[in-house]
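Descriptive analysis of the structure
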Amino acid sequence: MATLFGSGIKRREDPRLITGQATYVDDVKLPRLAYAVFARSPYAHAKIARIDVSAARQAPGVLAVYTGADVKDRLVPVPCAWNVPNCDLKIPAHPLLAHDRVRYAGDAVAMVIAETRAQARDAVDLVDVDYEPLRATADPEKATQPGAARLHEEIPDNIGFTWVVSGGDAEAAFQGAEVAVSQRIVQQRLLPTAMEPRAAVAQYNRGSGQLTLWATSQNPHIHRFLCSVMLKLPEHRIRVIAPEVGGGFGSKIPAYPDEALVSFAAMELGIPVKWTEDRSENYKVTIHGRDHIEYVEMCGTRDGTITGIRTKVYAGLGAYASTAAPGIPTILHGLVYSGSYMIPNIHGTIYGVYTNGTPVDAYRGAGRPEAAYLIERLVDIFARKIGMDPIEVRRKNFIPKDQFPYTVATGLIYDSGNYEAALDKALGLLDLKAFRAEQARARKEGRYLGMGLVSYIEICGLGPSQVAGAVGFGGGLYDSAIVRVYPTGVVKVYIGASPHGQGEETTFAQIVAHEFGYPVENVEIIHGDTDNTPQGWGTYGSRTTAVCGSAVKVAALRVKEKAKLLAAHLLEANEADLEWKDDAFRVKGSPDKAKGMAELALMANVAWNMPPGMEPGLEATAFFDPTNFVYPFGTHICTVEVDEQTGQVKILRYIAVDDCGPPINPMIVDGQIHGGVIQGIGEGLQEIAVYDEEAQLVTGTMMDYAVPKASQMPHIEVAHTITPSPVNPLGVKGCGEAGTIASAACLVNAVCDALAPLGITHIDKPLTPARVWAAIQKAKGATP
Amino acid sequence: MIPTSFDYVRAGSVKEALGLLALGDGTKVIAGGHSLLPMMRFRLVQAPKLVDISRLEELRGVQEYKKGLRIGATTTYAELARHPLVRERCPVIAEVAADVADIQVRNRGTIGGSLAHADPASDMPAVMLALDAEFQLRSKKGGRRTVRAREFFKGAFATDMTEEELFTDILVPGMGRNAAVYVSFDSAASGYALAGVCASVGRKRATISDIGVAEVAFVATALERMKDTKCDAAVLAAAAKEAVAGLEIAGDAHAPAAYRRHIAEVAIVRAVERAYQRAGT
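Calculation criteria
Residues numbered from 1 in each chain as written. Chains lettered and ligands numbered in written order. Predicted model: local features only at pLDDT ≥ 70, side-chain atom pairs only at ≥ 80, totals over all residues. Helix = DSSP H or I, 4+ residues; strand = E, 2+ residues; numbered from the N terminus. Rg over C-alpha atoms; globule rule 2.2 N^0.38 Å. Buried ≥ 20, exposed ≤ 12 C-beta atoms within 10 Å, placed from the backbone. Contact = placed C-beta atoms within 7 Å. Nonpolar A, V, L, I, M, F, W, Y, C, P; charged D, E, K, R; others polar. Pairing = 2+ DSSP bridges. Axes fitted to C-alpha atoms, helices over the stretch in contact; angles between N-to-C directions. Parallel < 35°, antiparallel > 145°, perpendicular 65-115°, else oblique. Left-handed = near helix turned anticlockwise from the far one by under 90°. Core = buried A, V, L, I, M, F, W, Y, C linked by C-beta atoms within 7 Å.

**Thoughts on the overall build of chain A**
The secondary structure content of chain A amounts to 19 helices and 28 strands. Since a compact globule built from 784 residues should have a radius of gyration of about 28 Å, the 27 Å found for chain A is in line with a globular shape. Principal-axis analysis of the C-alpha atoms gives chain A an extent of 90 × 75 × 45 Å. Sorting the 784 residues of chain A into buried and exposed places 57% on the buried side. Taking as baseline every contact in chain A between residues at least 6 positions apart, the subset at least 24 positions apart corresponds to 80%.

So, in structure tokens, the structure goes:
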């Protein structure tokens, strides 16, 4: 039998997803279902002087209208679950419905429940609110300046925390440095844009006191816990089901007011209630990503040794601290300032700043793309300053492959790596010499070609639970699996993680089928229902395969161990005389004396003839807690041509070489890389959430927010190197965020290389034609 | 994204549609719905009634008209893109239609709906202005009337049409010796043009004998000075600058005014040069 582990079989979940047979939250239909629509503030910052819902209550079909006053004493504000230690973190209350003040455009002030969604929407127009507008700002740097609008009375400067990362002696390094470069970098706000917006259906059984909540969730166990807090309902009376979830990119990790309020309404009214987000509502109230304004510096020697990095970062939090928000620009960002390099001296000061924007939380890569971007931009700027090839600067500073596990200045221990191999492979695919020759020819013709290169690392496979506790994450970071073998030998696997597009129904089945000598069809993966899956921590941070996949493997091996004892009993052989060969336990030397898993499963489940003392049944549970994070890496290269007249950037080639350890399913890995690269190209070229002076989101629809489209994207050449991780039994590292972490910086490096003859060293992303053109005009001394 | 409630009537004939519009009760015409429905879902438009003309055969299709074309208002972009007569007589219309949005929009969106909507960022107005097309309108009281495209567009989302009128046909004159090219620079988000220029150029040997240029909803009369030249680059650049100088151009989140102004000039230059080249082949 061909080996299943490492085979690029087709995704088993796809047929139902692409033929409309999958059940998403909005597909859940229940008898007497009512619909919720929220009345939301049009102002980014205002006092609520008066709110009158009497007309809305009278509207056709309306069953109930709730305001902030109705719920504030009965429900608990939305919790923030990442209490980053060693800083002055202040977490202001985030009421489920605003009752005295709104702090961003989209803050909910009332919830209307009606018999139809259209009736609820019509009644929202009748909710009458007197707002007294206040000054507002969505700019995280301006919000800290004296005289800026104050969001929360108890936080006069809007600074929610000041967090410092430090390793070595950055001050001394910069003081004595031969060369230092600096740059102000803006990492713009982004809108996560999952294809399926958020939705919730809540059903409360007054007889049993059980609440069932169907929700768009990347982590139903976390949602169960947080809903239990908000609703003051014991955890065992809540069942959260994440059915099919149409993408998340981090935006479906947090707890939001909406799901809790819908649950509250279902409990109050005794009928099921559904809420489905509009796309416009999604852009307004579902978390955003990035939003950094950074002042960054790098120092080193004239011969290219990097000796220090220093940063000051204003990280926008938006109006309230979302579930994981404080950990994103700190733990997941500042700790990886070394990138792929031996940088002995690091100092970073991160200000988490409240603004009148939508809350900011984890978005694909979450903190790590921002770190990779600033490091990889700085390496290019530094190389240019000392007149050295940026590729050689990278080579010179790489952590050598024989140094792993390697402790970087911030204290992280990188598990394994071979950065030079990935770099060499990518350069081989490019044919660097030919490109540089073409670039030189083009420059003579007045055309601008450029090459960008990024050698990134990321911190993935979150992570050891002990570390989670140490860094203030309000949960564990192990994950879990139950492998249950049925009498006919087929297998169901119940997992604690909650895949929503990443393909683990295929890859996890490959892990089990591979161990059991089965075709993949014999294994089903069940996820997303807190009533039948073991406690787990969800799907994010490129952790699902490294952590939950490892739990699957450990559980499968436990099953196999028991099966082996049973086989020895049935074959009347010593356990030591058995070996697993092809698809069965066989007696060494007489391979025809064999028992396969299906036969053993039947005996274990009927238990007619068990070894003395062995319990019936064939299943095992495993909780896997890794000993360290995993650190995937790679090199991406892109080549571009810039139209000097129009500022348009055309991507000529995009090469991605990634190392995520041994791929379980290479096709799925490549798909993850494609998706990630495209999201990063979107960030690099065209995506930006723009707020105006009144903190109104002006890119609030897809007409204005430039989600990347297939027709705008280049062909992506994908290749891999394979360096196993020692921290989990699969050796895998995670690949969901890799593409996004590398590609935005890669693109900006390429455009800056193209425009180097004009003296341009940096342009803030996204590199829209207008921005590139303006930079060219400025470089030429013209006023654009 | 739920519109306010409205009544819906599928018109069985043009006459029935005109009768409903004549009531003057705010009834809106719907064909492909790709401009109207989004506005209704945002509640920017709250129409009490829609009259659907999309199945009226008499408003659909392409015929020969003198040496040019008669195009029915409800002809879709997809039909225009592949229509042999359009591709033969006025290929620029087929080219522009093929490049509008995506296949779903092209299958539903109609040329008449787009022109009547007069979105300054859409592509077809510039084409119609450059080709000097005429539009036919009908109403119950006023009967038929024909308006030059150059008189029809009155500004952003503003036209010469009354609430009671129905846009029925587009008359495109024969191209003669002219060749036309459309050049646009599009928003990465919406696909709509930040700047879009159609140039129709006729030439005798190397000399420009006829020229019509339009940037979105404006005829660029400054380009007329290109006549009797051999498409001289310096004259073209100066004329493009002058043409754009006269336009009111505002910036927004996608591009500041200075950039829009600049690429409008670039689009004029590129469209004229390409049309000039095409006319010579």
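**Regarding the overall build of chain B**
Check the secondary structure of chain B and you find 11 helices and 14 strands. Along the longest, intermediate and shortest principal axes, the C-alpha atoms of chain B span 55 × 45 × 35 Å. Across the 281 residues in chain B, those meeting the buried criterion constitute 48%.

**Examining the interface of chain B and chain A**
For an interface, size is often stated in terms of accessible area lost upon the parts coming together. Each side of the interface is counted separately: chain B has 15 residues, and chain A has 24 residues. Per-element accounting of the side of chain B that touches chain A gives the leading share, five residues, to helix α11 (residues 257-279) of chain B. Here the residues of the side of chain B that touches chain A sort into 12 nonpolar, three polar and no charged.

**What to know about the environment of Arg394 of chain A**
Secondary-structure assignment places Arg394 of chain A in helix α10 (residues 390-397). With sequence-adjacent residues up to four places away left out, Arg394 of chain A is seen in contact with Val379, Leu423 and Ser455 of chain A.

**Concerning the sheet that holds strand β6 (residues 128-133) of chain A**
Within the open sheet, the three strands sit side by side as β4-β2-β6 (chain A). Their pairing is antiparallel. The open sheet has two edge strands, β4 (101-102) and β6 of chain A, and neither has a second partner.

**Side note on the sheet that holds strand β26 (residues 633-642) of chain A**
Residues and elements named next belong to chain A. The strand order across the open sheet formed by four strands is β18-β26-β27-β28, and the pairing between neighbours is mixed. Looking along the sheet, the strands with just one partner apiece sit at the ends: β18 (448-457) and β28 (716-720). Along the sheet, successive strands turn relative to each other by an average axial angle of 15 degrees, direction set aside. Where strand β27 (residues 649-659) meets β28, five bridges bridge the pair, whose relative direction is parallel.

**Brief notes about the pairing of strand β24 (residues 590-596) of chain A**
Residues and elements named next belong to chain A. Bridging between strand β23 (residues 584-587) and β24 involves four bridges; their strand directions are antiparallel. Following the sheet pairing, Val587 is matched in β24 by Ser590. Between β23 and β24, which follow one another and run antiparallel, lie two residues, and Gly589 among them has a positive phi close to 90 degrees.

**Quick look at the packing of helix α14 (residues 504-516) of chain A against helix α15 (residues 544-571) of chain A**
All names here are of chain A. Interhelical geometry of α14 versus α15 gives an angle of 30 degrees and a closest axis separation of 9 Å. Judged by the angle between their axes, α14 and α15 are roughly parallel. In this structure, the crossing between α14 and α15 has a hand that is right-handed. The segment α14 lies against α15, with Glu504, Thr507, Phe508, Ile511, Val512 and Glu515 engaging Thr544, Thr545, Gly549, Val552, Lys553, Ala556, Leu557 and Lys560. The class makeup of the residues in the contact of α14 with α15 is six nonpolar, four polar and four charged.

**A few points about the nonpolar core**
Looking at soluble globular proteins, one finds that nonpolar side chains tend to be buried together. Membership of the largest hydrophobic core comes to 354 residues, with the highest contact counts inside it found for Val112 and Val751 of chain A together with Val272 of chain B. In this structure, Val112 of chain A is in contact with Ala36, Val37, Ala39, Ala56, Val62, Val65, Ala120, Ala123 and Val124 of chain A, ignoring residues within four places of it in sequence.

**Considerations on helix α5 (residues 91-98) of chain B**
Side chains of residues three or four places apart in an α-helix project in the same direction, reflecting 3.6 residues per turn. Among all positions in α5 of chain B, only Val92, Ile93, Ala94, Val96 and Ala97 of chain B are buried. Where α5 of chain B is buried, its residues meet α3 (77-82), α4 (84-89), α6 (103-108), α8 (124-131), β11 (178-186) and β12 (193-204) of chain B.

**Describing the environment of His333 of chain A**
You can see His333 of chain A is positioned in the loop between β14 (306-318) and β15 (345-354). If near-sequence neighbours (up to four positions away) are discounted, His333 of chain A is found in contact with Ile328, Gly367, Arg368, Glu370 and Ala371 of chain A.

**Digging into the environment of Ala745 of chain A**
Residues and elements named next belong to chain A. Inspection of the secondary structure puts Ala745 in helix α18 (residues 738-754). Note on Ala745: 29 C-beta atoms within 10 Å, which makes it buried. Here Ala745 is in contact with Ala372, Tyr373, Glu376, Arg377 and Val454, once residues within four sequence places are set aside.

**Let's talk about the packing of helix α9 (residues 368-386) of chain A against α18 of chain A**
Residue and element names in this part refer to chain A. Put simply, α9 and α18 touch, their axes get as near as 8 Å, and they point 30 degrees apart. Accordingly, the angle class assigned to the pair α9 and α18 is roughly parallel. For the crossing formed where α9 meets α18, the hand is right-handed. Contacts from Arg368, Pro369, Ala372, Tyr373, Glu376, Arg377 and Asp380 in α9 reach Thr740, Ile741, Ala742, Ala744, Ala745, Val748, Asn749 and Cys752 in α18. Residues of the contact of α9 with α18, tallied by class, amount to nine nonpolar, two polar and four charged.

**Observations regarding unusual backbone geometry**
Here the residue pair Phe404 of chain A and Pro405 of chain A is connected by a cis peptide bond, since its omega of -5 degrees sits within 30 degrees of zero. Turning to its location among the elements, Pro405 of chain A is positioned in the loop between α10 and β16 (406-407). Note the cis peptide between Leu462 of chain A and Gly463 of chain A, where omega equals -20 degrees. Within the secondary structure, Gly463 of chain A sits in the loop between β18 and α13 (465-470). Of note in the backbone geometry, Arg43 of chain B takes a positive phi value of approximately 65 degrees without being a glycine. Note that Arg43 of chain B resides in the loop between α2 (36-41) and β3 (49-52).

**Quick word on the pairing of strand β6 (residues 134-139) of chain B**
All names here are of chain B. Examined bridge by bridge, β6 and strand β7 (residues 143-148) share six bridges and lie antiparallel to one another. Residue pairing across strands places Ser139 opposite Gly143, the latter belonging to β7. Between β6 and the antiparallel strand that follows it, β7, lie three residues. As defined by bridge partners, β6 adjoins strand β10 (residues 166-172) across five bridges and the pair is classed as antiparallel. Each residue of the ladder has a partner; that of Glu134, found in β10, is Leu171.

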